[in-house]
Amino acid sequence: MASRSKAGTALAALREDLAGDVFAPGDAGYDEARTVFNAMIDRRPAVIAQCAHADDVVRAVRFGRELDLNIAVRGGGHSVAGMGLNDNGLVVDLRRMHGVTVHPGAGAVRVEGGATMSHLDRATQPFGLATTGGRASTTGVGGFVLGGGSGWLDRCFGLAVDNLLGVELVTADGERVRAGADENPDLFWALHGGGGNFGVATALTLRLHELPEFAIALLLYRPELGREAVRAYREVIESGPLEAGGAVLYLTGPPQEFVPPHLVGTLLCAVLVTYAGAEEDLREVAEPLLGLPHEAEVVGAMPYADVQCMIDDPPGMRNHWSAEYLTGAPDDFVDVFCALADTMPVPTGTQHVLFPLGGAVADGPAEYPVPYRDSPWAVHPFGIWEDPADDRRCVPWVRAVRERVRPWTTGAVYLNFIGDEGTDRVRAGLGAQNAARLGLLKRRWDPDNVFRFNHNIRPT
Ligand SMILES: Cc1cc2nc3c(=O)[nH]c(=O)nc-3n(C[C@H](O)[C@H](O)[C@H](O)COP(=O)(O)OP(=O)(O)OC[C@H]3O[C@@H](n4cnc5c(N)ncnc54)[C@H](O)[C@@H]3O)c2cc1C
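How each quantity is defined
Residues numbered from 1 in each chain as written. Predicted model: local features only at pLDDT ≥ 70, side-chain atom pairs only at ≥ 80, totals over all residues. Heavy atoms only, no water. Phe/Tyr/Trp six-rings, centres within 6.5 Å; stacked < 30°, edge-to-face > 60°. Lys NZ or Arg CZ within 6 Å of the ring centre and 35° of its normal. Buried < 20%, exposed > 50% of the residue type's maximum accessible area, 1.4 Å probe, protein only. Helix = DSSP H or I, 4+ residues; strand = E, 2+ residues; numbered from the N terminus. Pairing = 2+ DSSP bridges. Axes fitted to C-alpha atoms, helices over the stretch in contact; angles between N-to-C directions. Contact = heavy atoms within 4.5 Å. Salt bridge = Lys/Arg side-chain N within 4 Å of Asp/Glu carboxyl O. Domains from an automatic or database assignment. Buried area = accessible area lost by both parts, 1.4 Å probe. Polar contact = N/O pair within 3.5 Å; in protein donor to acceptor, adjacent residues only side chain to side chain. Nonpolar A, V, L, I, M, F, W, Y, C, P; charged D, E, K, R; others polar. Near = heavy atom within 4 Å. Areas by Shrake-Rupley, 256 points an atom, 1.4 Å probe, with all protein chains shown as cover.

*Asks:* Now, about the packing of aromatic side chains: what can you tell me, with residues and values included?
*Replies:* Counted according to the given criterion, the structure contains 10 aromatic pairs. Through a chain of ring-to-ring contacts, the aromatic side chains of Tyr325, Phe355, Tyr372, Tyr414 and Phe417 assemble into a single cluster. Above the face of the Phe355 ring, Arg135 is positioned so that its terminal group lies 4.7 Å from the ring centre. In this structure, Arg437 is placed above the aromatic ring of Trp189, and the distance from its NZ or CZ to the ring centre is 3.8 Å.

Next up, the structure:
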């Protein structure tokens with residue numbers, strides 16, 4: 001650690017040099033700057049550098065290294081384990097770097113490292129173009145893409161990393177480098193699932209796809225009909241076109257216009273069929289679900305960017321989630337999945353989600369460190385609640401889901417969907433062989449493990 005006077009001088013110089021803002025404890029705005037999506041995370045960094053551009057990031061990383069501070073990198077702040085924050089260290093906060101430039105002729109988009117899904121989707125929508133994004137508009141593109149990236153479009157267009165064309169990065173030495181198929185290809189490979197381990201992504205370039213039409217069918221069923229709804233949804237996905245995606249989930253009926261008032265606050269089974277195409281085709285595909293007695297429905301064409309905001313969870317809630325990737329979803333699994341809904345804490349914001357992979361996810365490049373792409377289905381228990389007293393109901397329920405679905409799991413997991421579950425799970429999220437190669441690349445690009453507030457890959 002630097003002496004107090006050296007630290008004070010360096011901090012004053014950082015405040016002076018940065019085009020963005022700097023926050024330290026006691027500064028107005030410090031508490032807002034250290035707030036992340038998960039209200040269970042309450043960390044107090046020594047310095048938060050809100051960078052305005054890539055040179056600010058270089059300056060901030062060098063400042064952190066000079067003072068020997070732990071360095072965390074914050075994008076959208078959606079990591080459930082709060083990996084974008086630390087105690088007593090430096091946070092390189094990218095939120096002000098959210099510029100998006102669409103290159104329709106090249107079928108590509110350049111996104112700055114602190115942009116959210118909303119910045120990305122709102123910029124590409126007017127061109128009728130899109131790429132695989134997360135299912136909430138407030139998630140950061142940086143953490144999402146570098147970790148793998150799964151969303152409503154992945155069965156058509158692949159995981160987000162399958163669409164990654166290039167990354168502009170600030171390394172642990174505070175140098176600016178590029179990674180792409182022809183430039184630092186090993187580093188580029190590592191950024192396809194290796195998360196923030198290799199540097200600060202100041203910009204990412206992603207492939208765009210034509211998406212002139214998008215439609216959804218959101219249906220609510222009484223929980224007694226859950227088994228039939230889950231089986232019907234499975235049928236729609238397994239026998240339908242790749243344009244069909246979405247999820248089936250149990251949740252507490254939210255106080256929203258389309259939910260009948262008597263069902264608000266009660267356990268419901270919901271099916272969302274997303275469709276990368278026209279409403280009439282969606283209706284045909286979703287027929288088995290539309291034909292099942294349901295309590296409410298929203299069916300129709302909707303701009304993709306609007307769908308992306310539809311299930312935004314409110315900030316300020318407590319969160320604990322996990323995920324398991326499955327070998328399949330046979331009837332005995334469906335029975336267990338539905339039975340677990342009976343023990344789900346209701347009413348809370350908790351969701352018990354089953355969503356499909358397959359299609360372009362399964363067919364994507366096998367070489368990247370995303371070992372879960374072969375799974376046809378994934379379970380995502382999503383504990384969300386407000387009252388700290390509910391910690392003791394919600395956290396054990398998420399763990400119980402993992403235990404009960406174990407007979408159907410592949411062992412691989414998508415790291416962006418889990419909190420800090422230990423080194424074995426990080427290995428499971430990368431694949432053993434990939435983990436070994438990533439460890440060697442970490443030694444080359446970040447030998448001191450400067451970037452360790454993530455699903456950490458140690459230098460080997
Ligand atoms: C409501 C909600 C919905 C979600 N839905 C989906 C979904 O549909 N699909 C999906 O795949 N995931 C989803 N996620 C998970 C999400 O992808 C991960 O939590 C992701 O890591 C969030 O990135 P972030 O930038 O918002 O988070 P942060 O907490 O800011 O960062 C997460 C990690 O990424 C690193 N990081 C972030 N930006 C950069 C960067 N520019 N350069 C280097 N490292 C960086 C951070 O250091 C940290 O280790 C969801 C999360 C939430 C809270």
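Let us keep going from here.
*Asks:* Would you mind going over the pairing of strand β14 (residues 267–275) in detail, with residue names and values included?
*Replies:* The element β14 is largely enclosed, with a buried count of nine among its nine residues. In this sheet, β14 lies alongside strand β12 (residues 215–221) in antiparallel orientation, the contact comprising seven bridges. Residue pairing for β14: Leu219 is matched across the bridge by Val271. Sheet topology places strand β13 (residues 247–252) next to β14; six bridges connect them, and they run antiparallel. Residue pairing across strands places Leu251 opposite Leu268, the latter belonging to β14.

*Asks:* Quick one: what's the story with the sheet that holds strand β10 (residues 200–207), residue by residue and with numbers?
*Replies:* Reading across from one edge, β5-β6-β10-β8-β9 is the order of the five strands in this open sheet, with antiparallel pairing throughout. The outermost strands of the open sheet, each flanked by one partner alone, are β5 (100–103) and β9 (176–180). Averaged over neighbouring strand pairs, the angle between their axes works out to 15 degrees when direction is ignored. Relative to strand β6 (residues 108–112), β5 runs antiparallel, the two being bridged by four bridges. Across the sheet, Val100 pairs through a bridge with Val111, a residue of β6. Sheet contacts for helix α4 (residues 117–124): β5, β6 and β10; angle to β5, the most-contacted strand, approximately 35 degrees.

*Asks:* Kindly report on the pattern of salt bridges, identifying the contributing residues and their values.
*Replies:* Scanning the model with the defined rule gives 30 salt bridges in all. Here Arg122 makes a salt bridge to Asp306, at a shortest N to O gap of 2.8 Å. Pair noted here: Arg122 is in helix α4 and Asp306 is in helix α11 (residues 304–310), with a separation of 184 residues, a long-range link. Three or more residues are tied together by salt bridges with common partners; here these are Arg227, Arg231, Arg234, Asp331 and Asp335.

*Asks:* So what about helix α15 (residues 423–430)? Which residues, and what values?
*Replies:* Turning to α15, its buried residues are Arg425, Val426, Ala428, Gly429 and Leu430. Buried-residue contacts for α15 involve β17 (324–326), α14 (391–404) and α16 (432–445). At the C-terminal side of α15, Gly431 shows a positive phi close to 90 degrees.

*Asks:* How would you explain the domain arrangement of the protein chain if you had to name every residue and give the values?
*Replies:* By domain assignment, the protein chain separates into domain 1 (4–93), domain 2 (100–210) and domain 3 (215–417). On a C-alpha basis, the centroid separation for the pair domain 1 and domain 3 is 36 Å. Facing the six residues of domain 1 at the interface are 11 residues of domain 3. Summing both sides of the interface, domain 1 and domain 3 together bury roughly 720 Å²; the carbon and sulfur share of this comes to 67%. For domain 1, the biggest contributors to the area lost against domain 3 are Phe37, Met40 and Val80; these three give 75% of the whole. Seen at the junction of domain 1 and domain 3, the total is zero salt bridges. Counting the contacts that link domain 1 with domain 3 gives two residue pairs in polar contact (both at pLDDT 80 or more). Here the residues of the side of domain 1 that touches domain 3 sort into four nonpolar, two polar and no charged.

*Asks:* Quick rundown of the side chain of Glu168? Include the residues and the values.
*Replies:* Inspection of the secondary structure assignment puts Glu168 in strand β8 (residues 164–170). Overall, the relative accessible area of 12% leaves Glu168 in the buried class.

*Asks:* I'd love a proper account of the side chain of Asp390, names of residues and values included.
*Replies:* On the secondary structure map, Asp390 appears in the loop between β19 (377–385) and α14. In this structure Asp390 comes out as buried when scored by relative accessible area, which is 17%.

*Asks:* Can you lay out the site of the ligand for me, pointing to particular residues and giving the numbers?
*Replies:* Surveying the vicinity of the ligand reveals 34 residues, the closest of which are Val73, Gly75, Gly77, Ser150 and Tyr414. Gly76 is positioned with one of its backbone polar atoms (N or O) 2.9 Å from an oxygen atom of the ligand. At a separation of 2.8 Å, an oxygen atom of the ligand approaches a polar backbone atom of Arg135. Against a free-state accessible area of 950 Å², the protein chains account for coverage of 96% of the ligand. For the shell around the ligand, the elements supplying multiple residues, two or more each, are β3 (71–74), α5 (141–147) and β10. Looking at the shell around the ligand element by element, the count peaks at four residues for α5. Broken down by class, the residue content of the shell around the ligand amounts to 13 nonpolar, 18 polar and three charged.

*Asks:* Outline the sheet that holds strand β2 (residues 47–50), listing residues and values.
*Replies:* What the four strands build is an open sheet, ordered β1-β2-β4-β3; its pairing is mixed. Each edge of the open sheet is held by one strand with a lone partner, namely β1 (21–23) and β3. The sheet shows a mean angle of 20 degrees between the axes of neighbouring strands, taken without regard to direction. Bridging between β3 and strand β4 (residues 90–93) involves four bridges; their strand directions are parallel. Residue pairing in the sheet places Arg74 in a bridge with Asp93 of β4. The strands touched by helix α3 (residues 54–66) are β2, β3 and β4; relative to β4, the strand with the most contacts, the crossing angle is about 170 degrees.

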